[in-house]
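# Chain and residue survey
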2 protein chains.
Amino acid sequence: MPKTLVAVTRPQLSPTPRSTIKRGKKRAVTGRAALDAILDAGIICHLSVVVDGSPLVLPTGYGRDGETLYLHGSTGALSLRSALANEICVAVTLLDGIVYARSVFHFSANYRSAVIHGPARLVESTEERLHGLRVLTEHMAPGSWEHCRQPNPKELAKTTVLALSLDEAAVKVRSGGPGDEPEDVFEDSAWAGVLPLTQQWGSPVPSDDLSAGWEIPAHVRDRSASHG
Amino acid sequence: MPKTLVAVTRPQLSPTPRSTIKRGKKRAVTGRAALDAILDAGIICHLSVVVDGSPLVLPTGYGRDGETLYLHGSTGALSLRSALANEICVAVTLLDGIVYARSVFHFSANYRSAVIHGPARLVESTEERLHGLRVLTEHMAPGSWEHCRQPNPKELAKTTVLALSLDEAAVKVRSGGPGDEPEDVFEDSAWAGVLPLTQQWGSPVPSDDLSAGWEIPAHVRDRSASHG
């Protein structure tokens with residue numbers, strides 16, 4: 001039977017009709033800690049905006065600081081300009097496995113997902129722009145902000161930073177085996193179970209133009225040894 | 001320097017202004033074979049629809065048959081009802097690694113992504129509905145359609161099947177090391193390279209209620225031994 005992780009902390013999520021999960025309610029999770037855990041475990045998000053009345057969805061980086069999700073991109077990017085003209089929606093999804101059922105109808109996926117709605121705020125002050133870029137960089141590549149050259153004014157001018165509040169979010173988590181019909185379990189004519197899926201970091205590949213003598217720095221080496 | 005896979009086959013992609021890639025042109029790939037390869041390698045997609053003028057993006061399953069992408073869901077799902085009221089956008093993204101640069105500005109990700117635009121078509125004939133569900137099932141869990149009990153009329157009535165043409169699609173591929181500024185390469189004050197990321201299937205976990213005596217069937221066992 002399908003099992004669901006339910007974590008409840010305060011503040012509660014889902015304060016609006018559209019972020020209240022209607023389908024698959026038993027997979028809805030109402031805890032703020034669950035939202036943070038998914039956002040911290042994800043690597044990229046999918047950003048959706050409306051362009052000329054039609055949706056556009058693109059993969060992009062993100063970073064979380066408390067109640068705020070930061071996004072960034074090139075100043076000229078259509079997706080970021082459109083993000084400021086309408087509300088946006090961001091999904092972070094971790095796929096944990098495929099659920100094999102006795103019947104095709106009950107095939108499913110084990111996953112953790114967060115979907116966040118809201119108006120994007122253009123980050124304008126240099127201080128918060130640098131803060132947002134630091135949060136984004138440290139999410140994408142922990143330890144890199146201090147290790148690397150930080151943005152200069154020319155680079156900053158080419159970069160748009162957006163902030164999205166985490167106030168309006170929906171979290172869904174599915175785990176465990178299939179939810180087959182009793183008669184199919186009795187019939188026993190198909191295998192049932194879960195094929196887990198994990199992400200794994202590989203060994204660091206130094207850039208072709210990296211000078212000899214560099215060892216892999218600790219922040220890269222330690223991540224390489226961890227799960228993705 | 002960043003390297004880009006460019007595969008060109010016919011028919012060409014990107015026949016419309018909105019699916020013509022403007023940002024990151026050097027990462028745009030115009031081949032139909034590249035699109036098919038990404039769709040076949042992905043496991044889930046992100047489906048974006050417009051609801052009350054705002055975007056909604058959700059993870060979901062899909063399957064490809066030739067020029068058609070099939071999607072499905074519960075008959076009552078808001079996302080699928082909205083999909084028929086407006087155009088939709090579907091993204092399939094494979095994240096291949098994080099690109100560590102000497103400067104924060106040049107951090108990037110290696111990835112393969114396909115973004116498809118168009119009107120969704122409600123699949124109405126029982127024959128094509130079953131075909132679409134077969135394509136979806138075989139994408140999600142190859143070998144399962146024949147192994148399992150196929151949908152009965154009651155299950156079919158609960159399921160909406162949508163078809164999306166692959167005519168309007170954009171493919172982006174980034175691979176290789178960072179594109180640092182020459183002065184940062186000369187400065188040599190930070191490590192630069194790629195931390196690869198892969199997906200890996202785990203060992204099959206039989207369902208708690210599976211009867212004793214089942215061996216793992218070949219279609220599950222073989223997938224478990226392959227890369228995700």
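Everything numeric here is computed off the predicted structure, so don't read it as measured data.

### With respect to the overall build of chain A
Check the secondary structure of chain A and you find 7 helices and 13 strands. Sorting the 228 residues of chain A into buried and exposed places 51% on the buried side. Approximately 9800 Å² of chain A is accessible, and the part contributed by carbon and sulfur atoms is 55%.

### A few points about the interface of chain A and chain B
Facing the 90 residues of chain A at the interface are 90 residues of chain B. Of the roughly 7400 Å² buried between chain A and chain B, counting both surfaces, carbon and sulfur atoms make up 65%. Interface area lost by chain A to chain B is led by Pro-55, Val-104 and Trp-191 of chain A, which between them contribute 11%. There are 4 salt bridges connecting chain A and chain B.

### Things to note about unusual backbone geometry
Located in the positive-phi region is Asp-52 of chain A, a residue other than glycine, with phi close to 50°. Position of Asp-52 of chain A relative to the elements: it lies in the loop between β3 (44–51) and β4 (54–61).

### Some details on the side chain of Thr-159 of chain B
Mapped onto the fold, Thr-159 of chain B is located in strand β10 (residues 159–165). Beyond its immediate stretch of four places on either side in the chain, Thr-159 of chain B contacts Phe-105 of chain A together with His-72, Gly-73, Thr-75, Arg-129 and Leu-133 of chain B.

### Structural notes on the relation of the copies chain A and chain B
Take chain A, turn it by 180°, move it 0.0 Å along the axis, and it overlays chain B with an RMSD of 0.0 Å. Such a combination of turn and shift is consistent with a two-fold rotation axis. When each C-alpha of chain A is compared by its distance to the rotation axis, Gln-199 of chain A comes out closest, at 2.2 Å. In this assembly the copies share their binding face: 100% of the residues contributing to the interface of chain A also contribute to that of chain B.

### So, the sheet that holds strand β9 (residues 121–122) of chain A
All names here are of chain A. Reading across the sheet, the 4 strands line up as β5-β6-β10-β9 and stay open at both edges, with antiparallel pairing between neighbours. Edge positions in the sheet fall to β5 (63–65) and β9, since each of these pairs with one other strand and no more. Of the strand pairs in this sheet, strand β6 (residues 68–74) and strand β10 (residues 159–165) are connected by 7 bridges, and their pairing is antiparallel. Of the residues in β10, the one forming a bridge with Gly-73 is Thr-160. Its contacts with the sheet place helix α2 (residues 78–85) against β6, β9 and β10, and it is angled at close to 40° to β10.

### A short note on the pattern of salt bridges
A full pass over the atoms with the stated rule returns 24 salt bridges over all chains. Across the pair Arg-149 of chain B and Asp-184 of chain A runs a salt bridge whose closest N-O atoms are separated by 2.8 Å. Residue Arg-149 of chain B is located in the loop between α4 (144–147) and α5 (153–157), and its partner Asp-184 of chain A is located in helix α6 (residues 182–187); the two belong to separate chains. Between Arg-102 of chain B and Asp-209 of chain A there is a salt bridge, and its shortest N-O distance comes to 3.1 Å. With Arg-102 of chain B in the loop between β7 (87–100) and β8 (108–119) and Asp-209 of chain A in the loop between β13 (205–206) and α7 (218–224), the pair connects residues from two separate chains. Of the residues examined, Arg-102 of chain B reaches a relative accessible area of 2% and is grouped as buried.

### Observations concerning helix α2 (residues 78–85) of chain B
Because an α-helix completes one turn every 3.6 residues, residues spaced three or four positions apart along the sequence face the same direction. Those residues of α2 of chain B that fall on the buried side of the exposure criterion are Ser-79, Leu-80, Ser-82 and Ala-83 of chain B. The buried residues of α2 of chain B occupy an angular sector of 160° when projected down its axis, which confines them to one face.

### Section: the confidence of the model for chain A
Averaged over all residues, the pLDDT of chain A equals 90, while 87% of them reach at least 70. Overall, residues 1–12 of chain A carries pLDDT values under 50, and its contacts beyond four positions in sequence, including any with other chains, amount to 33 contacts.

### As for the environment of Arg-81 of chain B
Residues and elements named next belong to chain B. Turning to its location among the elements, Arg-81 is positioned in helix α2. Note: C-alpha distance between Arg-81 and Thr-160 (79 residues apart in sequence) is 9.1 Å. Setting aside residues no more than four positions away along its own chain, Arg-81 makes contact with Thr-75 and Gly-76. Looking at Arg-81, its side chain comes within polar contact range of the main-chain oxygen of Gly-76, at 3.2 Å.

### Observations concerning the packing of aromatic side chains
Going through the model one piece at a time under the given rule, you end up with 4 aromatic pairs over all chains. Site record: aromatic cluster; members linked through ring pairs are Tyr-100, Phe-107 and Trp-191 of chain A.

### Here's the deal with the pairing of strand β12 (residues 193–201) of chain B
In the sheet, strand β12 (residues 193–201) of chain A pairs with β12 of chain B via 5 bridges, with the strands oriented antiparallel. Across the sheet, Gln-199 of chain A pairs through a bridge with Gln-199 of chain B, a residue of β12 of chain B. With 2 bridges joining them, β13 of chain A and β12 of chain B adopt antiparallel strand pairing. Following the sheet pairing, Val-205 of chain A is matched in β12 of chain B by Val-194 of chain B. Bridge count for β7 of chain B against β12 of chain B is 4 bridges, and the pairing is antiparallel. Looking at the pairing, Tyr-100 of chain B lines up with Gly-193 of chain B of β12 of chain B.

Each value, and the rule that gives it
- Along each chain, the written sequence defines residue order, and numbers are assigned to residues from 1.
- Going through the entries in the order they are written, you letter the chains from A and number the ligands from 1.
- The predicted origin of the model limits local features to residues at a pLDDT of at least 70 and limits the giving and counting of side-chain atom pairs to 80 or more, whereas totals for whole chains, interfaces and linings rest on all residues.
- Based on all heavy atoms of the structure, the side-chain values leave hydrogens and waters out of the count.
- Labels follow the DSSP assignment, with helices taken as runs of H or I lasting at least four residues and strands as runs of E lasting at least two, numbered in each case from the N terminus.
- Relative accessibility thresholds used throughout: buried, under 20% of the residue-type maximum; exposed, over 50%; partly exposed, between the two (1.4 Å probe, protein chains only).
- Only the protein chains shown count as cover for residues, and all accessible areas are computed by the Shrake-Rupley method using a 1.4 Å probe.
- Here, two residues are considered to be in contact whenever any of their heavy atoms come within 4.5 Å of each other.
- For any pair of parts, buried area is found by adding up, for both, the accessible area (1.4 Å probe) each one loses once the two are put together.
- In what follows, salt bridge is the name for a side-chain nitrogen of Lys or Arg lying within 4 Å of a carboxyl oxygen of Asp or Glu.
- Copy-to-copy alignment: least squares on C-alpha atoms, limited to residues at pLDDT 70 or above in both.
- Strands pair, by our definition, only if DSSP identifies at least two bridges between them.
- Between the N-to-C directions of two axes lies an angle of 0 to 180 degrees, each axis being a line fitted to C-alpha atoms and, for a helix, fitted only over the stretch in contact.
- Here, the arc refers to the directions that run from the helix axis to the C-beta atoms.
- For every residue, the predictor reports its confidence as pLDDT, a number between 0 and 100.
- Residues adjacent in sequence count toward polar contacts only when both atoms are side-chain atoms; beyond that, a polar contact is any pair of N or O atoms within 3.5 Å, and within protein one must be able to donate a hydrogen and the other to accept it.
- Aromatic rings from Phe, Tyr and Trp, taking only the six-membered ring of Trp, are treated as a pair when their centres fall within 6.5 Å; an angle between ring planes under 30 degrees marks them as stacked, one over 60 as edge-to-face, and anything in between as tilted.

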